[in-house]
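Chain residues, written in single-letter form:
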Amino acid sequence: MGIKVEFNPDLALRNISEFKNGNRKIEECIPETLEAGRTYPFLKRDQRLYWLHGQIPLIETKGGEVLSRPKAVIVITEVTHFVENGEIYTRGLYRVDEVIDDSAIHFECFDPVGTRE
């Protein structure tokens, strides 16, 4: 038996409608209005590991690995793993550095565009 851990190169949250419909907690969803410079909480099921020393994309997931293009450039500033009712969760905080509202490419692999030589 091993330790089940998922490495995530991005933060994938649900559409806010999932919270409004009573299907998800608000921390599991992308806020209705994202603002650069603000910090938001997040919550994910399972034990997940994120990159903490740089920017990563915030994306929307519909589940089943159906993912959107990046919605924002974020930095995860805090992560905690905990057990509730026998299930493992990951919660934390992320800061929005830039809201993406166009179709331009903002990442090369896992790096923001313009940071590679």
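Here is what the cut-offs are and how they apply
Residues numbered from 1 in each chain as written. Predicted model: local features only at pLDDT ≥ 70, side-chain atom pairs only at ≥ 80, totals over all residues. Heavy atoms only, no water. Pairing = 2+ DSSP bridges. Helix = DSSP H or I, 4+ residues; strand = E, 2+ residues; numbered from the N terminus. Buried < 20%, exposed > 50% of the residue type's maximum accessible area, 1.4 Å probe, protein only. Contact = heavy atoms within 4.5 Å. Salt bridge = Lys/Arg side-chain N within 4 Å of Asp/Glu carboxyl O. Core = buried A, V, L, I, M, F, W, Y, C linked by side-chain atoms within 4.5 Å.

Some thoughts on the pairing of strand 8 (residues 87-99)
Here comes step 1: Pairing between strand 3 (residues 39-45) and strand 8: seven bridges, direction antiparallel. Each residue of the ladder has a partner; that of Phe42, found in strand 8, is Gly92.
Here comes step 2: Examined bridge by bridge, strand 7 (residues 72-84) and strand 8 share 12 bridges and lie antiparallel to one another. In the strand pairing of strand 8, Phe82 is matched with Tyr89.
Here comes step 3: Counting the residues in the hairpin turn of strand 7 and strand 8 gives two residues, including Asn85, whose phi is positive at 55°.

Some details on the environment of Thr80
Here comes step 1: Structurally, Thr80 is set in strand 7.
Here comes step 2: The class of Thr80 is partly exposed, set by a relative accessible area of 30%.
Here comes step 3: Those residues in contact with Thr80 that sit more than four places away from it in its chain are Tyr89, Thr90 and Arg91.

With respect to the pattern of salt bridges
Here comes step 1: Overall, the coordinates contain six salt bridges when judged by the stated rule.
Here comes step 2: Here Glu6 ties to Arg48 by a salt bridge, and the two come within 3.2 Å at their closest N and O atoms. A residue pair is termed long-range when its members are at least 10 positions apart, and Glu6 in strand 1 (residues 6-8) and Arg48 in strand 4 (residues 48-50) qualify at 42 residues.
Here comes step 3: By relative accessible area, Arg48 is classed as buried at 12%.
Here comes step 4: Between Glu32 and Lys20 there is a salt bridge, with the nearest N and O atoms lying 2.8 Å from each other. Note that Glu32 is positioned in the loop between helix 1 (17-20) and strand 3 and Lys20 in helix 1, a separation of 12 residues in sequence. The exposure classification of Glu32 matches that of Lys20, with both residues exposed.

A few points about the nonpolar core
Here comes step 1: Counting 14 residues, the largest nonpolar core has Leu11, Leu34, Leu58, Ile74 and Tyr94 as the members making the most contacts within it.
Here comes step 2: Put simply, the parts of the chain that give this core at least two residues each are strand 2 (11-13), strand 3, strand 5 (56-63), strand 7 and strand 8.
Here comes step 3: Top contributing element to this core by residue count: strand 7, with three residues.
Here comes step 4: In this view, Leu58 contacts Leu11, Leu13, Ile30, Leu34, Pro70, Lys71, Ala72, Ile74 and Tyr94; residues no more than four positions away in its chain are not counted.

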